[in-house]
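# Structural characterization, general
Chain by chain, the residues:
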Amino acid sequence: MGETSRADGLPSSPSPSPPSPRSACSLAPPLGKGTPRPGGDITGHLTFPLLSVTLLVSFGSSMLYGYNLAVVNSPAEHIKAFYNTTWSQRYGHGLGPAPLTLLYALTVSIFALGGLVGSLLVGVLVERYGRNGALSRSALLVLLAGGFMGFSRELGSPEMVIIGRSITGLHSGICLSVVPLYLGEIAPKNLRGFLGLMPTIFICLGVFSAQVLGLPELLGKDRFWPLFLSVVVVPASLQLLLLHCFPESPRYLLIERNDICGATKALHRFLGSPDVQDVIEEMKEEQRSLSSMEVVSVWQLLRDCSVRWQTLSVAVVNAGMQLSGIDAIWFYTNTIFENAGIPVSQIPYTTMGTGAIEVVAGLIGAALPWMRYVSVACVVGIIAGFCMGPAGVPFLMTAELFMQSHRPAAYIVGGSLNWLCNFTVGFIFPFLQMSAGAFCYLVFCGVCLLVALYVYLVIPETKNKTFMEISHIFATRRSVLSVPAHLIGMMKLDGYGTLESSSLEGSGSSLP
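All values derive from a computational prediction rather than experimental measurement. (Residues numbered from 1 in each chain as written. Predicted model: local features only at pLDDT ≥ 70, side-chain atom pairs only at ≥ 80, totals over all residues. Heavy atoms only, no water.)

## Regarding the side chain of T168
By the secondary structure assignment, T168 is in helix α4 (residues 158-186). A distance of 2.7 Å separates a polar side-chain atom of T168 from the backbone oxygen of R165. T168 has contacts with N68, F111, A145 and M149, leaving out every residue within four places of it along the chain. (Helix = DSSP H or I, 4+ residues; strand = E, 2+ residues; numbered from the N terminus. Polar contact = N/O pair within 3.5 Å; in protein donor to acceptor, adjacent residues only side chain to side chain. Contact = heavy atoms within 4.5 Å.)

## Brief notes about unusual backbone geometry
The backbone phi angle of N258 is positive, close to 55 degrees, even though this residue is not glycine. Within the secondary structure, N258 is located in the loop between α8 (250-256) and α9 (260-271). Relative accessible area serves as the criterion here: at 16%, N258 is assigned to the buried category. (Buried < 20%, exposed > 50% of the residue type's maximum accessible area, 1.4 Å probe, protein only.)

## As for the packing of aromatic side chains
Scanning the model with the defined rule gives seven aromatic pairs in all. Arranged with centres 5.6 Å apart and planes meeting at 80 degrees, the rings of Y65 and W419 form a pair that is edge-to-face. Taken together, the residues Y65 in helix α1 (residues 48-70) and W419 in helix α19 (residues 407-436) connect sequence positions 354 residues apart. For the pair Y65 and W419, one class covers both residues: buried. Ring geometry for F82 against W225: centres 5.3 Å apart, planes inclined by 50 degrees, an arrangement best described as tilted. In this pair, F82 is assigned in helix α2 (residues 76-91) and W225 in helix α6 (residues 225-230), connecting sequence segments 143 residues apart. Exposure class is identical for F82 and W225. Each is buried. (Phe/Tyr/Trp six-rings, centres within 6.5 Å; stacked < 30°, edge-to-face > 60°.)

## Details of the confidence of the model for the chain
Of all residues in the chain, 69% attain a pLDDT of 70 or more, and the chain-wide mean is 74. Segment residues 26-42 is flagged for pLDDT under 50; beyond a separation of four residues in sequence, or across chains, it makes 28 contacts in the model. Considering only residues more than four positions removed or in separate chains, one finds that residues 478-512, a stretch of pLDDT under 50, has 85 contacts. (pLDDT = per-residue confidence, 0-100.)

## Some remarks on helix α7 (residues 233-242)
Those residues of α7 lying buried are P235, A236 and Q239. In a view along the axis of α7, the buried residues occupy a sector of 100 degrees, so they form one face of it. With respect to the buried face of α7, the exposed residues turned more than 90 degrees away are V234 and L241. As for α7, its buried residues are in contact with α1 and α3 (97-150). (Arc of directions from axis to C-beta.)

See the structure below:
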């Protein structure tokens, strides 16, 4: 079957077809549709290859996202001074406070615009190159960005800093979606939550690394800020060298490429078990359910009523994560603490302390006058709650709520909203803080409460459930936020829930 055209103009993968005899590996005879799988629950244990690839992609991709969030905080004054000096050399006069703040806010937030573009490219990249291949190729972007930022001062070009920041954002936009997609597809269902949240830990480690390296004793001096920005090339180079040693996602190989042999070999490697028939049959079941469906475009996803609640849930959680204000804190930690009255000499160490939340929070409360440092306690509390709660859940949740045909488009939708809100918060926060002072945090508080209410009422528990089982939950669930149940009912269609008019007498509208 030839390639078909998607609604957004991008080529889509051919519809999955039954495997040919030549592509079959030495597996047990395939089970018929609806035949029970012999092994019962599809679970597995943590193997060395599974742990190794999780740590590698988390270190080489996810950690860079956290690092780039916080890296512009410490050298802010040095970068502003470089911009002002360069402007004076070019035009004979310096920049005023407002234009300089605007230019620096653009430098900070351009990272999110790059991330937006990257998130829009996820669908075509994972279809063409696979999950592993997309991550390998994206590492080249970091090497390019590191070169731009590392040589910007030598060449007297603020534009190179801004371009480098946008390219690192492009890389993060790709990896922030592809890493959880890859890990969610290679992990057994009982380990999917653990491995899926590993990137979150490395995002926090990336933030903490930027805070530590930004100390005056290390790379926080004026002459070191270009090196400080370009350190990202080290993790990216390691990923580029080692990632090819690990196989592609078995689910991608079987469902989208119909490569049963490749999928079987990948499963043997990741699961460390000679018997992977149960997993193969679970993937075949999903392939059969998608046999008449193409990989959907973003527009098709948004119009598909059968995944209405999944799409809305991804949108709410991704937007809510960024509108919680966490990125404003990471982007402008030093400014926040300066406005709170922290002595300038102590700000780098207080900032570093927010990266080691559990240990340092108590030390701040004991060593410093409480009333004067309420802002410090608030910042620490927000970061602690974010890292323990929603930090990595949206990306993991996107992989769990959708079947293979809808998953790339769902990541585009979630990633786009994530980065748009990231850019909005990063760009307007300095001006919001100047106009509203400490009251600006009330906006973020309201967003967090609304998102928490939505998650509690609408999103089901997905722990230890297969992708098919999760889609069936949405197929039968009626939300309290939906139109009354006597007007709208739920039915199953190819593993998804779709809406149809019905007259369900005596049915309630409460959650099961």
